[in-house]
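Understanding the architecture of this molecule
Spelled out, the chains give:
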Amino acid sequence: MNNIATQRIKREFKEVIKSEELAKCSIKVDLIGDSYTELKGEIAGPPDTPYEGGTFFLEIKVPETYPFNPPKVRFMTKIWHPNISSVTGAICLDILKDQWAAAMTLRTVLLSLQALMAAAEPDDPQDAVVAKQYKEYPEIFAKTASHWTNVYAGGPNKNSDFDTKIQRLIDMGIERDQARGALSTYNWDLERATEQLFS
Amino acid sequence: MSEYDDEDMEYSDQDDYEDYYNADRDVMSPPHNPDAEYFPVQCLTVDEVEKFLNELVEQLCTSIHVTPSMSKVLLYENKWAVQEVLWKYNEDPDKLFVASRMKTLQPVTVKTIRDKFVCPVCVGPVAEELGITSLACGHCYCDNCWRCHFENKIKQGVSTELSCMALNCELLVPEEIVLSTVNKPILRKKYQHFAFREYIKSHPLLRFCPGANCTAVIKSKESLAKKAICTQCETSFCFKCGNDYHAPTDCATIKKWITKCADDSETSNYIAANTKDCPKCNIFIEKNGGCNHMQCLSCKFDFCWMCMGDWKAHGTEYYDCSKYRENPQNGSESARAREALKKYLHYYERWENHSKSLQLEKQTLDKIKERINSKVMTSKGTWIDWQYLLDSATLLAKCRYTLQYTYPYAYYMDNGPKKELFEYQQAKLEAEIENLSWKIERAETTDRGDLENQMDIAEKRRATMLQDFFHI
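Let me begin by describing the structure that accompanies this report. (Residues numbered from 1 in each chain as written. Chains lettered and ligands numbered in written order. Predicted model: local features only at pLDDT ≥ 70, side-chain atom pairs only at ≥ 80, totals over all residues. Heavy atoms only, no water.)

**Observations regarding the overall build of chain A**
If you tally the helices and strands in chain A, you get 8 helices and 4 strands. In sequence order, the secondary structure elements of chain A are arranged as α-α-β-β-β-β-α-α-α-α-α-α. Burial statistics for chain A: of 199 residues in total, 48% are counted as buried. Contacts in chain A between residues far apart in sequence, at least 24 positions, make up 53% of those at least 6 positions apart. When the accessible surface of chain A is split by element, carbon and sulfur atoms take 49% of a total near 9800 Å². (Helix = DSSP H or I, 4+ residues; strand = E, 2+ residues; numbered from the N terminus. Buried < 20%, exposed > 50% of the residue type's maximum accessible area, 1.4 Å probe, protein only. Contact = heavy atoms within 4.5 Å. Areas by Shrake-Rupley, 256 points an atom, 1.4 Å probe, with all protein chains shown as cover.)

**Thoughts on the interface of chain B and chain A**
Listed by partner, the interface residues are 15 residues for chain B and 12 residues for chain A. At the boundary of chain B with chain A, total buried surface from both sides reaches about 1200 Å², with 61% on carbon and sulfur atoms. Area buried by chain B at its contact with chain A is led by Val121, Val123 and Leu167 of chain B, which between them contribute 39% of it. At the boundary of chain B with chain A, the tally comes to 0 salt bridges. For the pair chain B and chain A, the interface holds 7 residue pairs in polar contact (both at pLDDT 80 or more). In terms of residues, the side of chain B that touches chain A owes the most to one element, helix H6 (residues 143-155) of chain B, which gives 5 residues. (Buried area = accessible area lost by both parts, 1.4 Å probe. Salt bridge = Lys/Arg side-chain N within 4 Å of Asp/Glu carboxyl O. Polar contact = N/O pair within 3.5 Å; in protein donor to acceptor, adjacent residues only side chain to side chain.)

**Section: the nonpolar core**
Residue and element names in this part refer to chain A. Counting 38 residues, the largest nonpolar core has Leu39, Leu58, Val73, Phe75, Ile91 and Leu113 as its most contacted members. Of all elements in the fold, only helix H1 (3-18), strand S1 (27-31), strand S2 (38-44), strand S3 (55-61), strand S4 (72-75), helix H3 (106-118) and helix H5 (138-152) reach the threshold of two or more residues within this core. Filtering out sequence-adjacent residues up to four positions away, Leu58 remains in contact with Leu39, Lys40, Gly41, Ile43, Val73, Arg74, Phe75, Met76, Ile91, Leu110 and Leu113. (Core = buried A, V, L, I, M, F, W, Y, C linked by side-chain atoms within 4.5 Å.)

**Remarks on a positive patch on the surface**
All names here are of chain A. On the surface, Lys10, Arg11, Lys14 and Lys18 cluster together to form a positively charged patch. Within the secondary structure layout, Arg11 lies in helix H1. Given the relative accessible area of 44%, Arg11 is considered partly exposed. (Patch = residues over 30% accessible without salt bridge, like charges linked within 9 Å, V, L, I, M, F, W, Y side chains within 5 Å. Lys, Arg positive; Asp, Glu negative; His and termini not counted. Charge placed at Lys NZ, Arg CZ, Asp CG, Glu CD.)

**Concerning unusual backbone geometry**
With omega at 0°, the peptide bond leading from Tyr66 of chain A into Pro67 of chain A counts as cis. Of note, Pro67 of chain A is situated in the loop between S3 and S4. Note the cis peptide between Ala247 of chain B and Pro248 of chain B, where omega equals 5°. Relative to the helices and strands, Pro248 of chain B is located in the loop between strand S7 (236-238) and helix H9 (251-263). One non-glycine residue, Tyr36 of chain A, lies in the positive phi region at around 65°. Relative to the assigned elements, Tyr36 of chain A resides in the loop between S1 and S2. Judged by its relative accessible area of 18%, Tyr36 of chain A is buried. The residue His65 of chain B is not glycine, and still its phi comes out positive at about 50°. Checked against the element boundaries, His65 of chain B lands in the loop between helix H2 (46-64) and helix H3 (68-77).

**Quick notes on empty space enclosed by the protein**
All names here are of chain B. For the structure shown, the criterion picks out 2 cavities of 30 Å³ or more. In this structure, the second largest cavity encloses a volume near 70 Å³. For the lining of the second largest cavity, the secondary-structure elements that each account for two or more residues are H3 and helix H8 (185-202). Looking at the lining of the second largest cavity element by element, the count peaks at 3 residues for H3. (1 Å grid on protein atoms, 1.4 Å probe; cavity = no way out; pocket = protein on both sides within 12 Å on 5 of 7 lines; lining within 4 Å. Points joined across faces, edges and corners; volume = space filled by probe spheres on them.)

**Some words on H5 of chain A**
Note: α-helices contain 3.6 residues per turn, so residues at a spacing of three or four share the same orientation. All names here are of chain A. For H5, spanning 15 residues, the distance from its first C-alpha to its last is 21 Å, which sits close to the expected 21 Å at 1.5 Å a residue. By the burial criterion, the buried members of H5 are Phe141, Thr144, Ala145, Ser146, His147, Trp148, Thr149 and Asn150. Buried residues in H5 make contact with S3, helix H4 (128-136), helix H6 (160-171) and helix H7 (176-185). (Expected span 1.5 Å × (residues − 1).)

**Comments concerning the sheet that holds S1 of chain A**
Residue and element names in this part refer to chain A. Ordered in space as S1-S2-S3-S4, the 4 strands form an open sheet in which the pairing is antiparallel. Taken across any chain shown, the strands that pair with only one partner, and hence form the sheet edges, are S1 and S4. Ignoring which end each strand starts from, the neighbouring axes of this sheet average 25° apart. Here S1 runs beside S2; their pairing, made up of 5 bridges, is antiparallel. Residue pairing in the sheet places Ile27 in a bridge with Ile43 of S2. This element, H1, spans S1 and S2 of the sheet and lies at about 140° to S1. (Pairing = 2+ DSSP bridges. Axes fitted to C-alpha atoms, helices over the stretch in contact; angles between N-to-C directions.)

**A short note on the packing of helix H15 (residues 417-442) of chain B against helix H16 (residues 448-470) of chain B**
Residues and elements named next belong to chain B. Direction vectors running N to C along H15 and H16 enclose 155°, while the axes themselves pass 9 Å from each other. Between H15 and H16, the angle falls in the class roughly antiparallel. Remark: the crossing between H15 and H16 carries left-handed chirality. Across from Lys418, Phe422, Gln425, Gln426, Lys428, Leu429, Glu432, Ile433, Asn435, Leu436, Lys439 and Ile440 in H15, the residues of H16 making contact are Asp450, Leu451, Gln454, Met455, Ile457, Ala458, Arg461, Arg462, Thr464, Met465 and Asp468. When its residues are assigned to classes, the contact of H15 with H16 shows 10 nonpolar, 5 polar and 8 charged. (Parallel < 35°, antiparallel > 145°, perpendicular 65-115°, else oblique. Left-handed = near helix turned anticlockwise from the far one by under 90°. Nonpolar A, V, L, I, M, F, W, Y, C, P; charged D, E, K, R; others polar.)

**Some words on the packing of aromatic side chains**
Residue and element names in this part refer to chain B. Going through the model one piece at a time under the given rule, you end up with 28 aromatic pairs over all chains. Ring centres of Tyr76 and Tyr199 lie 6.1 Å apart, and the angle between their planes is 70°; this geometry places the pair in the edge-to-face category. Placement of Tyr76 in helix H3 and of Tyr199 in helix H8 is noted, with a sequence separation of 123 residues between them. The pair formed by Tyr76 and Tyr199 is uniform in burial state, with each residue classed as buried. Here the aromatic rings of Trp386 and Tyr388 are separated by 6.5 Å at their centres, their planes lie at 15°, and the arrangement is stacked. Residue Tyr388 is classed as buried on the basis of its relative accessible area, which comes to 2%. One aromatic cluster is present, built from ring pairs that chain together Tyr245, Trp257, Tyr344, Tyr347, Tyr348, Trp351, Tyr401, Tyr405, Tyr407, Tyr411 and Tyr412. (Phe/Tyr/Trp six-rings, centres within 6.5 Å; stacked < 30°, edge-to-face > 60°.)

**A short note on the environment of Pro50 of chain A**
Residue and element names in this part refer to chain A. Looking at where Pro50 falls in the secondary structure, it is placed in the loop between S2 and S3. The exposure class assigned to Pro50 is partly exposed, which follows from its relative accessible area of 23%. Through-space distance from the C-alpha of Pro50 to that of Ala142 is 5.7 Å; in sequence the pair is 92 residues apart.

**Observations concerning the sheet that holds strand S1 (residues 41-44) of chain B**
All names here are of chain B. Judged by pairing direction, the sheet is antiparallel, and its 3 strands sit side by side in the order S1-S5-S4 without closing on themselves. Where the open sheet ends on each side, the last strands, each with one partner, are S1 and strand S4 (206-208). Averaged over all neighbouring strand pairs, the angle between strand axes comes to 30°, with direction disregarded. Alignment of S4 against strand S5 (residues 217-220), held across 3 bridges, turns out to be antiparallel. The residue bridging Arg207 from the neighbouring strand is Ile218, located in S5. Along the sheet face, H2 touches S1, S4 and S5 and points at about 110° away from the line of S1.

Any functional reading would require information that these geometric values do not contain.
Structural data, given as structure tokens:
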């Protein structure tokens, strides 16, 4: 890894540790190994959103050409959001692509992601299914996102109605995550989800 | 007072009329070319283009005292309109520089005390021999970071769009800064090459010839959706969008159509299957020439390749197999989808059919040449007597080309009298060129008058189809 990249990451690492966001427990960065090429990010779900109370982990890969090219960031925690793939965790955010500027830091990236969670951009979706639900059935979207936060990110809102439906599919021999995905996709319409799973 | 006003009005009215008539007789206006498709272009080499652009750059430099590299940024951002840049400059230079991404309204002022300066990108102390540079925005970075930034971007193919490293700062880096910082010869060359291409792309009157391996640049006087022909490789294309020339369809529509055809490639594959059955005896028939009037080799049945109906029906009434009839009573979603697909296939089939016929153009010409030779050898007319056949074959190809591009246009037209009229005219042209094609294949020397008559009719019909396109 080249000199500038290592120097930068070391410095940024300190910046995040010192930052007031860490004191408020809203963002955090951890090293994986000691190469400074792979890091683990952590963001708290922003308040007054379906993600509130959840903790989301990120995989951050620092390229050789950092900071002239953006870091590669992906959600490790499953999340229901229009701009984040519900399957792979890939993120659609301009600053992680062509709008990246060398003067940006890991801290600004994490804060931008937090802002993205609070204000989705459904017209520029990563996950078309989620984006459609976000636009057409905002209430179902909020409930689904909150349910996913509860299950995968340790959020507080349990939804027993959803759990019952998932259990019905599990009884039919479907795996839990797959059942949740299908039900979420079909706006928790048990019949349509079943139809799709068995077709 | 009011009387005077009235008089004045009348007087000026009359003046207008006079002006109107005078304008009509204006000898200064360029002679009107009767061919609406006429589009003069110039074919330039890379060196000539470079000279042409440099002249514009110099013109601006001498007028407003900026460096050549600043002048390039100004021209690039303002589509090379020197007069417009000068005009804007005289009005408010700051506004022009801000709009052209050369200045910011509130530059950052960083006190660059050398010893204490920490470059925000590499966050290290700046080595003694390195400089600290900022653009007009005031965002300071060490020269080493600038170099890494430039090299990284150039490798990604960025040139004229190279900007400041600060977040949301869109200030462009002038050429001279890039070239004085980057010292790897390969990257410098790459940068210059990319920048030159970008300059040409940003100039509204310059276009790269889309022909394979052709390096020519085409220059015109206006940016119009007309047919430009490269004199080096003879590729012809629409000057505005660079696709194949597509009158009477406009640039946006043809793009939509081409994408649609590419998307529906599976269907088109199916359609592209070359054979059809004879409607009477069901023998497989492959079409290997331009004409739609087919005669089955085994049962001698004359039929139309397009609608597979009896050709007899085509001679007397007007040729109506180019018109698509929409089936109005359809309720269910799948029926509608099927109807939409049928509609698309109808237009696509005709589009593809003409395109195939055109591909056979060279073959047809060779055949005609062969026929001329054999006729001359058997002393049926002299070589000169037969030349009109080649002219008519060229015209036939031209008509087919236009006709091909009328189908996407018709496909996207709204139903109504306008579309009906258009499809009526389209059918007329189809009929005329089928006639022409049939006559060309069977012409004798004595048919010359008849054939030339037919050519004239076809060309007139073609001009009618293009009328709307050139008079919007």
